[in-house]
Amino acid sequence: MKIELTVNGVLHIADVPPMKTLLEILRDELGLKGSKEGCGEGECGACSVIMNGRLVNSCLVPAAQASGSEILTIEGLGTSDDMDMLQKAFVTEGAVQCGFCTPGMILAARALLEENPSPSEEDIKIALSGNICRCTGYEKIYAAINKAVADGYCSTFTVRRNLCSSGNAVPAHGKESICFAPETLSDALRILDDNRGISVIAGATDIIPDLRNGRFKYEKLLDISRVPELKGITLSDGAIVIGSCTTNGEIIRSSIVKKYLPALWEASFRSGAPAVQNRATIGGNIATASGAADLPSILLPLGASVAVESISGTREMRLEDFIRGYRDPDLMENELISLIIIPVPKKGSVQKFYKRGSRRALTLSRISIGFYAEIKNGEIDEFRAAAGSMSPVPVHLDKLESLLRGKKLSSGLIQEAAETAKAEVNPRRSAMWRKTMTSKLVTKFLEELIQHREII
Ligand code: FES
Ligand code: FES
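Now for a look at the structure at hand. (Residues numbered from 1 in each chain as written. Chains lettered and ligands numbered in written order. Predicted model: local features only at pLDDT ≥ 70, side-chain atom pairs only at ≥ 80, totals over all residues. Heavy atoms only, no water.)

A short note on the sheet that holds strand 6 (residues 179–180)
Then comes step 1: Spatially, 6-8-7 is the arrangement adopted by the 3 strands of the open sheet, whose pairing is parallel. In this open sheet, the two strands that pair with only one neighbour each are strand 6 and strand 7 (199–201).
Then comes step 2: Looking at chain direction, strand 6 and strand 8 (residues 221–223) are connected through 2 bridges and run parallel. Counterpart to F180 in the pairing with strand 8 is L222. (Pairing = 2+ DSSP bridges. Helix = DSSP H or I, 4+ residues; strand = E, 2+ residues; numbered from the N terminus.)

As for the pairing of strand 1 (residues 2–7)
Consecutive side chains of a regular strand alternate in pointing toward one face of the sheet and then the other.
Then comes step 1: Among the 6 residues that make up strand 1, 5 are buried, leaving the element largely enclosed by the rest of the structure.
Then comes step 2: Relative to strand 2 (residues 10–15), strand 1 runs antiparallel, the two sharing 6 bridges. The residue bridging L5 from the neighbouring strand is H12, located in strand 2.
Then comes step 3: Once strand 1 ends, the chain turns through 2 residues before running back antiparallel as strand 2, passing N8 with a positive phi of about 50°.
Then comes step 4: Note that strand 1 and strand 5 (residues 70–72) share 2 bridges and pair parallel. Each residue of the ladder has a partner; that of T6, found in strand 5, is E70. (Buried < 20%, exposed > 50% of the residue type's maximum accessible area, 1.4 Å probe, protein only.)

What about the packing of helix 4 (residues 102–115) against helix 6 (residues 138–150)?
Then comes step 1: In the contact formed by helix 4 and helix 6, the axes pass within 11 Å of each other and the chain directions differ by 40°. Taken as axis vectors, helix 4 and helix 6 run oblique relative to one another. Like other packed secondary-structure pairs, helix 4 and helix 6 cross with a definite hand, here right-handed. Listed contacts from helix 6 to M105, A109 and L113 of helix 4 are Y138, I141, I145 and V149.
Then comes step 2: Tallied by class, residues from the contact of helix 4 with helix 6 come to 7 nonpolar, no polar and no charged. (Axes fitted to C-alpha atoms, helices over the stretch in contact; angles between N-to-C directions. Parallel < 35°, antiparallel > 145°, perpendicular 65-115°, else oblique. Left-handed = near helix turned anticlockwise from the far one by under 90°. Contact = heavy atoms within 4.5 Å. Nonpolar A, V, L, I, M, F, W, Y, C, P; charged D, E, K, R; others polar.)

Let's talk about the environment of S58
Then comes step 1: You can see S58 is positioned in the loop between strand 4 (54–57) and helix 2 (63–66).
Then comes step 2: Counting along the chain gives 98 residues from S58 to T156, while the straight-line C-alpha distance between them is 25 Å.
Then comes step 3: Filtering out sequence-adjacent residues up to four positions away, S58 remains in contact with T21, L22, L23, L26, S35, C47 and V49.

Brief notes about the packing of aromatic side chains
Then comes step 1: All told, the structure shown has 7 aromatic pairs when counted by the stated rule.
Then comes step 2: Residues F371 and F383 carry aromatic rings whose centres are separated by 6.2 Å and whose planes lie at 50° to one another, so their mutual orientation is tilted. Of this pair, F371 sits in strand 17 (residues 367–376) while F383 is found in strand 18 (residues 379–388), placing the two residues 12 residues apart along the sequence.
Then comes step 3: Judged by relative accessible area, which is 0%, F371 ranks as buried.
Then comes step 4: When the ring centre of W433 is taken as origin, the NZ or CZ atom of R366, which lies over that ring, is 4.3 Å away. (Phe/Tyr/Trp six-rings, centres within 6.5 Å; stacked < 30°, edge-to-face > 60°. Lys NZ or Arg CZ within 6 Å of the ring centre and 35° of its normal.)

A few points about the nonpolar core
Then comes step 1: Grouped together as the largest cluster of nonpolar side chains are 32 residues, with contacts concentrated most on L264, L299, F322 and I342.
Then comes step 2: Contributions of two or more residues to this core are made by strand 10 (239–243), helix 10 (255–260), helix 11 (262–269), helix 13 (282–287), helix 14 (295–299), strand 11 (305–310), helix 15 (319–322) and strand 15 (336–343).
Then comes step 3: Setting aside anything within four residues of it in sequence, one finds I342 in contact with A239, I240, I242, L261, L264, L299, L302 and A304.
Then comes step 4: Core analysis: the next-biggest nonpolar cluster, separate from the first, contains 31 residues, M105, A144, Y153 and C154 among them. (Core = buried A, V, L, I, M, F, W, Y, C linked by side-chain atoms within 4.5 Å.)

What to know about helix 6
Side chains that are three or four residues apart share a direction in an α-helix, a result of its 3.6 residues per turn.
Then comes step 1: With 13 residues, helix 6 extends 18 Å between its outermost C-alpha atoms, agreeing within 8% with the 18 Å of an ideal straight helix rising 1.5 Å per residue.
Then comes step 2: By the burial criterion, the buried members of helix 6 are I141, Y142, A144, I145 and A148. Buried residues of helix 6 fall within an arc of 155° about the axis and therefore sit on the same side. Among the exposed residues of helix 6, those oriented more than 90 degrees off its buried face are E139 and A150.
Then comes step 3: As for helix 6, its buried residues are in contact with helix 3 (85–92), helix 4 and helix 5 (121–127).
Then comes step 4: Phi for G152, located one or two positions after helix 6, is positive at around 90°. (Expected span 1.5 Å × (residues − 1). Arc of directions from axis to C-beta.)

What to know about the side chain of T247
Then comes step 1: Counting through the fold element by element, T247 comes out in the loop between strand 10 and helix 9 (248–252).
Then comes step 2: Taking relative accessible area as the criterion, T247 reaches 11% and is therefore assigned buried.
Then comes step 3: Beyond its immediate stretch of four places on either side in the chain, T247 contacts Q277, N278, R279, A280 and T281.

Some details on the packing of helix 3 against helix 6
Then comes step 1: Orientation of helix 3 relative to helix 6, taken along the N-to-C sense of each, is 135°, at an axis distance of 8 Å. On the basis of the axis angle, helix 3 is oblique to helix 6. Pair helix 3 / helix 6 crosses with right-handed handedness. Judged by residue contacts, M85, L86, A89, F90 and T92 of helix 3 engage I141, A144, I145, K147 and A148 from helix 6.
Then comes step 2: Counted by class, the contact of helix 3 with helix 6 contains 8 nonpolar, 1 polar and 1 charged residues.

Digging into empty space enclosed by the protein
If you roll a probe as big as a water molecule over the atoms, it shows you where there is empty space left.
Then comes step 1: Applying the stated rule across the entire model yields 3 cavities of 30 Å³ or more.
Then comes step 2: Volume-wise, the second largest cavity comes out at about 40 Å³.
Then comes step 3: Residue lining of the second largest cavity: G42, G45, S48, L55, N57, G130, N131, A273, A275 and V276, and that is the complete set.
Then comes step 4: Sorting the residues of the lining of the second largest cavity by element identifies strand 4 and helix 12 (274–277) as the ones contributing at least two each.
Then comes step 5: Tallied by class, the residues present in the lining of the second largest cavity amount to 4 nonpolar, 6 polar and no charged. (1 Å grid on protein atoms, 1.4 Å probe; cavity = no way out; pocket = protein on both sides within 12 Å on 5 of 7 lines; lining within 4 Å. Points joined across faces, edges and corners; volume = space filled by probe spheres on them.)

With respect to the pattern of salt bridges
Then comes step 1: Per the counting criterion, the structure on display carries 23 salt bridges.
Then comes step 2: With a closest N to O distance of 2.8 Å, E114 and R110 form a salt bridge. With a gap of 4 residues between them, E114 and R110 both fall in helix 4, about one helical turn apart.
Then comes step 3: Beyond isolated ion pairs, a larger network of salt bridges with shared partners links R315, R324, D328, D330 and E335. (Salt bridge = Lys/Arg side-chain N within 4 Å of Asp/Glu carboxyl O.)

In structure tokens, the structure reads:
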């Protein structure tokens, strides 16, 4: 397909396969070798670039979605003879050794400073959490960023926001094309209906690694990332409604989510490093119907339902009914997820999401667990819990829920609940660790619930 994209202020046109990655385009087509390939699956940050004002892993951006975008690469900041202030700070603070991670580190720092010109140490650590350095050590890198801030770097660049959100893309609508990029929901549904079996992509964070490993093959593609009806977060009729193509990054920035759904905020925040958050979508996380998906672990306790749409109309169902089994969502060939609908939590309710993985910013969790509880007259009036990374799909902890509903919390009950949850989960790998961790997290939540009950 023909794409056009602006890289470092220069317009480029390329004729490439729709799933060729932005990283490959930058390096192979445009000769911009600053962005590196490390892991190729969103875990190292060596390929980081800024796309439409947000940090992304260029190894996870397909050409079809790069089209019409504005890209900033390390070459757009400065050259070795004429470095910008941030690049110079990396050199003077000794934050560069082999240099493999450095372009990605600098662009992650630049993306942070464009959004937040006065970052705290914690802000810097979070912003760079998806960028791995194997030889320098992070303290010098953090020091370089602090030096650039102190030297006034943030007043030397124009803040880039909202550049070309759909842009002047050359969407492939033609019959001869294998990638469709509609810009309305009705167009997307018509294409889906006319092309049964077509592969749908949104954030593409799972699909690109799957494509590389041969687990994903396609003949035709439908890119729904440009459909405005599938984006955004609204509050209406006692529910929070989230478009399926809303990214985890947008969820994290939403004041509605921060106010009403702090546990969903936490799950989105823990879903990966910022570059992954800026691409991965809530609909994609659900549609995979995978046991490792994090968001269902909290969406289930929050009582979420899913709206799926086709040219024939809309079906709405509870999330537990939508996820029928491993990789088996209740989605017909001509349907796509349009909305995720979450009832506004009751006043005084408590919700929590916990995730444990081998690294904070790592996308894959070893265990994720979500809780929702309502307390009335000192008793647990409603209790819902779900766990992920334990079984083929994230599931409610039914026995735990039944045990706790209508009970008054006590240390004896907490112990019984921890044992019940431990026995209820049935992980296939690292079973003892996961069972023990489940019981610890149940205990942790219930102990917090006791304190909360004393407050309300
Ligand atoms: Fe590792 Fe892209 S190459 S995140
Ligand atoms: Fe070598 Fe970071 S400087 S990996």
